[in-house]
Amino acid sequence: MSQNWPDAREALPDPGSAQPGFGAARADIAFEVNGTAVSVNVPPLRRLSLVLRDELLLTGTKIGCDAGDCGACTVLVDGDPVCACLMSAASAAGTAVTSVEGLANGRLSALQASFLAHGAAQCGICTPALLVAATALLDKQPSPTEAEVQDALGGILCRCTGYRKIIAAVMDASLQGASLDFRLPRSGHAIGSSPVRLDGVPKVTGAEKFGGDSFPADALAVLVVRSPHYHASFAFGDLDGWTKAHPGIAGVFTAADIPGKNCFGAIGPFADQPALAEGFARLRGEAVALVAGEREAILDLDLSDFPVRWSELPHFLQPAEAQAEGAALIHESRPANLLTSGLVERGDPETALAGAAFTVSGAIDTSYVEHAYIEPEAGYAYLDGDTLVVVACTQAPYMDRDETAKVLGLAVDKVRIVPTATGGGFGSKLDVSLQPLIGLVAMKTGRPAALAYTRNESMVSTTKRHPAEMKATIGADADGLVTGMIFEGDFNTGAYASWGPTVANRVPVHASGPYATPNYRAEGRAIHTHGPISGAFRGFGVPQATIMQETLYDELAGKLGMDRLDFRLKNCLRNGSETVTGQLLESGVGIAECLESLQPHWVRATADADAFNSASRDRKRGVGIASCWYGCGNTSLPNPSTIRVGIAADGTVILHQGAVDIGQGSNTVIAQICADALGLPLEKFQLKSADTAITPDAGKTSASRQTFVTGKAAEKAGRALREKILRFANVSEKAALQLDGSAIVIREGEATRRIDLTTLDVDAEGFVFRAEETYDPPTLPLDAKGQGKPYAVYGYGAQIAELEVDLKLGTVKLLKITAAHDVGKAINPLLAEGQIEGGIAQGIGMALMEEYIPGRTENLHDYLIPTIGDVPPIETILIEVPDPEGPFGAKGLGEHVLIPTAPAILNAIRHATGVLVTKIPATPTRIRAGIREKDGIREKEARR
């Protein structure tokens, strides 16, 4: 019997579930939008969200789930917030609708200005909905409390910010509207300041264009037919006959239509994933065919009769099953279903542990974690002459270009990737997804092809954080110095490689934590199953390993009778220390400063918990601490970024900035670095963002590398351009530059020289002066025992979690998190704080609620991520221990901030309850089971 991947639309409540399309009855529906009367001719049950976006081109209303779960489509209907994806066009008749585009009225509202001032918009995909809902609140309550803000915005999910700056922006809106200063810092003072992000205004007005916001009117819509099974063979029936039987369908495309090599991957030697499966599928949700057609036909298309026959095959979802004797191989070339392994070994850990005064051992398992960015994958492709142009959300345009060209059999220079604004990524949008699919349709039909994943297909088909099964033993001498550690971790990498090799190699380097460990062995193994593909997710396996290490550190401190923070401070790396890979850290090691800055907070928090616990029986408070370190950039591999900057004849400074900004702020931070290196004010800069046809390769946005690596390239380019100008003017390095219209004014002492740029020769790109520089961090390969210099720069951090546990229910209430992170130099302190808060929110989800279960949690209703009420107050302490490699001393930050959160929370739960949860997340059920088990053991001991 023919089967297809279930269409998410079929499961949604009316009126949103019904989507009449090609040939469906239409009606004229009149209502008011942003103060203007409109009339649309659409099927009455069409979602209001689609009407606003497709008919009225108000794309500030976003679609994140089409189920009312994320709230990204929130608009005001007669003044009240409504999920536009759950309201039919007919229901909107006669109403007054306000979208984000109606908030500004020619100038930013006080609330929009406050969002910019507070850094409350990061990627910006959820920002319009938050602004709309907050506007309704402020209309009724101009000075809301924090609880009122949380209540009003509780139905809108944000994956980037951690919500704290959103709350502050709403509460402060009445004050910020009049006082916001949009002026950018003066020359030489960009670094260390927090100007409004350079790409901020479009994020708060709704003008920002994300992957699904600019589809060509004549584009064919594309649907993907996916496997409903974890492992199955399949065969197609009469595809031509099916196509002819469905009006408006332009074609069906399968692996047989792919002209190039039907294989892509994040890491060349391990590439193993077909763009469209051939004959059998290795995972649930794998793409097997494409259906392209007119938009109206696709909207109403029922794929239940699609001619594909499935034969389900045996599957396994757990690494132990995959490695059992006789288990079938998922990839014939990978014995025992082992993708790869990584090893770091130093000294003699067995002897060290045998001679240790105290040892602790443990095992912890973690779950799949979904990236849950609010923007599902979306984009379109078209032919520009003989060049294929793909316009889509991505973290890695040059990688997309290379892999798409390979799959489609094109020369690399015949593929152009134009990134849109990206509504969150966190690692998953590093992997190719829809790029070769829409490219194939565009090439086969000659028409533009557009595709936006549903929330369901985004969650089933894209990568996850690796589940891990870990065990470790750590020993210390009688003085409390760690003497040895052994770590083993099996990481479920799913059906295809993705970034599994990176995880397997990065984990052993980091599993010691930022502590001196003279005798050490750590092995990480990436193992294939038929589960979801596991890839990159903010930390590449280090968050999982840190849970194992940091929970054992608490236990070891307890055996030693030492304070948990003091134990960490005693063992932490310092300038002159050697890492477990034998790398000498000569300078820039800031973990001690992070821990020391937390000491007064630690004393206060533990005293507060003790006082509360002495008076409370059913609820107990706990305080936990955990540290992190993280190498910035690729592990022992080339990692270059290139930046081009020039001055045009009209005096504009044009920065070709190819580092994709997915909300972290690279558009602003890299421009700040370049501005101070050049010695000209930030306000003179014009950004040309990533585009493989015009912008040099700044590398992928991952591994906390952009501020460090691309920032360093920007510093070099800025200095090189400055040197060219000074040499042209025949002045020394002490001279000051100033732009005055189309002239450069150069002052040195009492002398002034004015250069009229319009009189100089202009190159092909319109520059009169230009510089292009590349930076590649100095690293060394790891040998067979993992010894070497895998990273040029490390970042460090430590966090304290304070919480309360209901002993009867097992529920956790977070009270506060205090986070100290060594950023080297805070290029933009406000953006750094935003990264910390956002990372902590994801760490909270990992610790307490996020557990992706294939086949069960494939939407944002069943898969839980933190809401605005789940993130407690966060106190950020920015530590600045400069690193000589980083631009102006800066280090990466994005990955680091998530790593300590989960172990700090788990240690706090154990402090409160005496129970360490060893299957993550620590849900109430698991906490309560641990408490019951502990109480049962105590009762047995008492009876003895």
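A brief look at the structure comes next.

Definitions and cut-offs
Residues numbered from 1 in each chain as written. Predicted model: local features only at pLDDT ≥ 70, side-chain atom pairs only at ≥ 80, totals over all residues. Heavy atoms only, no water. 1 Å grid on protein atoms, 1.4 Å probe; cavity = no way out; pocket = protein on both sides within 12 Å on 5 of 7 lines; lining within 4 Å. Points joined across faces, edges and corners; volume = space filled by probe spheres on them. Helix = DSSP H or I, 4+ residues; strand = E, 2+ residues; numbered from the N terminus. Nonpolar A, V, L, I, M, F, W, Y, C, P; charged D, E, K, R; others polar. Pairing = 2+ DSSP bridges. Core = buried A, V, L, I, M, F, W, Y, C linked by side-chain atoms within 4.5 Å. Buried < 20%, exposed > 50% of the residue type's maximum accessible area, 1.4 Å probe, protein only. Contact = heavy atoms within 4.5 Å. Axes fitted to C-alpha atoms, helices over the stretch in contact; angles between N-to-C directions.

**Some words on the layout of surface pockets**
Here is step 1 of the chain: Taken as a whole, the second largest pocket encloses approximately 720 Å³ of empty space.
Here is step 2 of the chain: As for the second largest pocket, its lining consists of 32 residues, of which Trp499, Asn634, Leu637, Pro638 and Lys700 are closest to the centre.
Here is step 3 of the chain: When contributions to the lining of the second largest pocket are tallied by element, the ones reaching two or more residues are helix H13 (397–408) and helix H16 (500–510).
Here is step 4 of the chain: A per-element tally of the lining of the second largest pocket places H16 first, with four residues.

**Some points on empty space enclosed by the protein**
Here is step 1 of the chain: If you walk through the whole model with that rule in mind, you get ten cavities of 30 Å³ or more.
Here is step 2 of the chain: Taken as a whole, the largest cavity spans an internal volume of roughly 580 Å³.
Here is step 3 of the chain: As for the largest cavity, its lining consists of 36 residues, of which Gln664, Ser704, Gln835, Leu893 and Gly894 are closest to the centre.
Here is step 4 of the chain: Of all the elements in the fold, those that place two or more residues in the lining of the largest cavity are helix H20 (666–678), helix H21 (706–729) and helix H22 (829–848).
Here is step 5 of the chain: It is H22 that provides the largest number of residues to the lining of the largest cavity, a total of three residues.
Here is step 6 of the chain: Partitioned by chemical class, the residues of the lining of the largest cavity number 15 nonpolar, 16 polar and five charged.
Here is step 7 of the chain: Contributing to the lining of the second largest cavity are 21 residues, with Phe264, Gln273, Val432, Ser433 and Ser461 lying nearest its centre.
Here is step 8 of the chain: Here the residues of the lining of the second largest cavity sort into nine nonpolar, seven polar and five charged.

**Brief notes about the pairing of strand S1 (residues 27–33)**
Here is step 1 of the chain: Here seven bridges tie S1 to strand S2 (residues 36–42), and the two strands are oriented antiparallel to one another. Looking at S2, one finds that aspartate 28 is bridged to asparagine 41.
Here is step 2 of the chain: With antiparallel pairing between neighbouring strands as the criterion, S1 and S2 make up a hairpin whose turn holds two residues, including asparagine 34 at a positive phi of roughly 50 degrees.
Here is step 3 of the chain: Relative to strand S5 (residues 96–98), S1 is paired through two bridges, and the arrangement is parallel.

**Digging into the nonpolar core**
Here is step 1 of the chain: By size, the foremost hydrophobic cluster in this structure holds 154 residues, and its most contacted members are Phe115, Leu153, Val170, Phe487 and Ile905.
Here is step 2 of the chain: Ignoring sequence-local partners within four residues, the contact set of valine 170 consists of Leu111, Phe115, Ala134, Leu137, Leu138, Pro144, Val149 and Leu153.
Here is step 3 of the chain: In terms of nonpolar packing, the next biggest core, distinct from the first, is built from 47 residues, Cys632, Val645, Ile673 and Ala792 among them.

**A word on the sheet that holds strand S29 (residues 751–756)**
Here is step 1 of the chain: As summarised here, the arrangement of the three strands in space is S27-S28-S29, forming an open sheet in which the pairing is antiparallel. With partners counted over all chains shown, the strands left at the sheet margins are strand S27 (736–740) and S29, one partner each. Ignoring which end each strand starts from, the neighbouring axes of this sheet average 20 degrees apart.
Here is step 2 of the chain: Of the pairings in the sheet, the one linking S27 to strand S28 (residues 743–748) comprises five bridges and is antiparallel in character. Within S28, the position partnered with glutamine 738 by the bridge is valine 745.
Here is step 3 of the chain: Lying over the sheet, H21 contacts S27, S28 and S29, oriented at roughly 105 degrees with respect to S29.

**Examining the pairing of strand S20 (residues 468–476)**
Side-chain positions along a regular strand alternate between the two faces of the sheet.
Here is step 1 of the chain: Pairing between strand S13 (residues 358–366) and S20: nine bridges, direction antiparallel. Bridging across to S20, glycine 362 finds its partner in alanine 472.
Here is step 2 of the chain: The pairing of S20 with strand S21 (residues 482–494) spans nine bridges and is classified as antiparallel. Within S21, the residue paired with glycine 475 across the bridge is glycine 484.
Here is step 3 of the chain: Linkage of S20 to S21, two consecutive antiparallel strands, is achieved through a turn of five residues, within which glycine 480 is found at a positive phi near 90 degrees.

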